[in-house]
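# Structure at a glance
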Amino acid sequence: VQLQASGGGLVQAGGSLRLSCAASGSIFSNNVMAWFRQPPGKEREFVAGVGWSGGSTYYAESVKGRFTISRDNAKNTVYLQMNSLKPEDTAVYYCAAAPSGSRRYSRERYEYHDWGQGTLVTVSS
């Protein structure tokens, strides 16, 4: 599946952004989807994931209660609503797709085979 992330930008601390990831090329509704991020000078880390139907979601502790992942299978799109943003949320955000048919709700990068190009989120203090 091909992925295209968008929606990044510059926002002040406490503000909100919504990221989108449009998918094409295969049956999107068969993929567990996730968002990862890579802060400057650091490793890429898991942020949030969502199951096939959107009913199951899971989050990194650092974003729980502030970020919400969702998906619209009719539009082949997954979203990340980010509220109460903090300077430490500054990163390049990537969407990722697990292999078609997998039901593993993983937080590991190697479990995701398809990646978008990334969108930069900068949170100023």
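Summary of the structure given here. (Residues numbered from 1 in each chain as written. Predicted model: local features only at pLDDT ≥ 70, side-chain atom pairs only at ≥ 80, totals over all residues. Heavy atoms only, no water.)

## Digging into the side chain of Ser 106
Position of Ser 106 among the secondary structure elements: in the loop between strand E9 (91-97) and strand E10 (114-115). At 2.9 Å, the side chain of Ser 106 forms a polar contact with the backbone nitrogen of Glu 108. When near neighbours in sequence (up to four residues on either side) are disregarded, Ser 106 contacts Phe 46, Tyr 58, Glu 111 and Tyr 112. (Helix = DSSP H or I, 4+ residues; strand = E, 2+ residues; numbered from the N terminus. Polar contact = N/O pair within 3.5 Å; in protein donor to acceptor, adjacent residues only side chain to side chain. Contact = heavy atoms within 4.5 Å.)

## Section: the state of the cysteines
For the structure shown, the criterion picks out one disulfide. With its sulfur 2.1 Å from that of its partner, Cys 21 forms a disulfide with Cys 95. Given an S-S torsion of about 65°, the disulfide between Cys 21 and Cys 95 has right-handed geometry. Residue Cys 21 is located in strand E3 (residues 17-24), and its partner Cys 95 is located in strand E9; the two are separated by 74 residues in the primary sequence. For the pair formed by Cys 21 and Cys 95, the shared burial category is buried. (Disulfide = S-S within 2.5 Å. Buried < 20%, exposed > 50% of the residue type's maximum accessible area, 1.4 Å probe, protein only.)

## Focus: the packing of aromatic side chains
Evaluated as defined, the whole model comprises six aromatic pairs. Here Phe 46 and Tyr 58 contribute two aromatic rings whose centre-to-centre distance is 5.3 Å and whose plane-to-plane angle is 15°, an arrangement assigned as stacked. Taken together, the positions of Phe 46 in strand E5 (residues 45-50) and Tyr 58 in strand E6 (residues 57-59) put the pair twelve residues apart, joining distant regions of the chain. The two residues Phe 46 and Tyr 58 agree in class, both being buried. Pairing Tyr 94 with Trp 115 gives two aromatic rings, centres 6.5 Å apart and planes at 75°, and the pair type is edge-to-face. In this pair, Tyr 94 is assigned in strand E9 and Trp 115 in strand E10, connecting sequence segments 21 residues apart. We classify Tyr 94 as buried; its relative accessible area is 13%. The partly exposed category is assigned to Trp 115, whose relative accessible area is 27%. What links up through ring pairs into an aromatic cluster is the set Phe 36, Phe 46, Tyr 58, Tyr 94, Tyr 105, Tyr 112 and Trp 115. (Phe/Tyr/Trp six-rings, centres within 6.5 Å; stacked < 30°, edge-to-face > 60°.)

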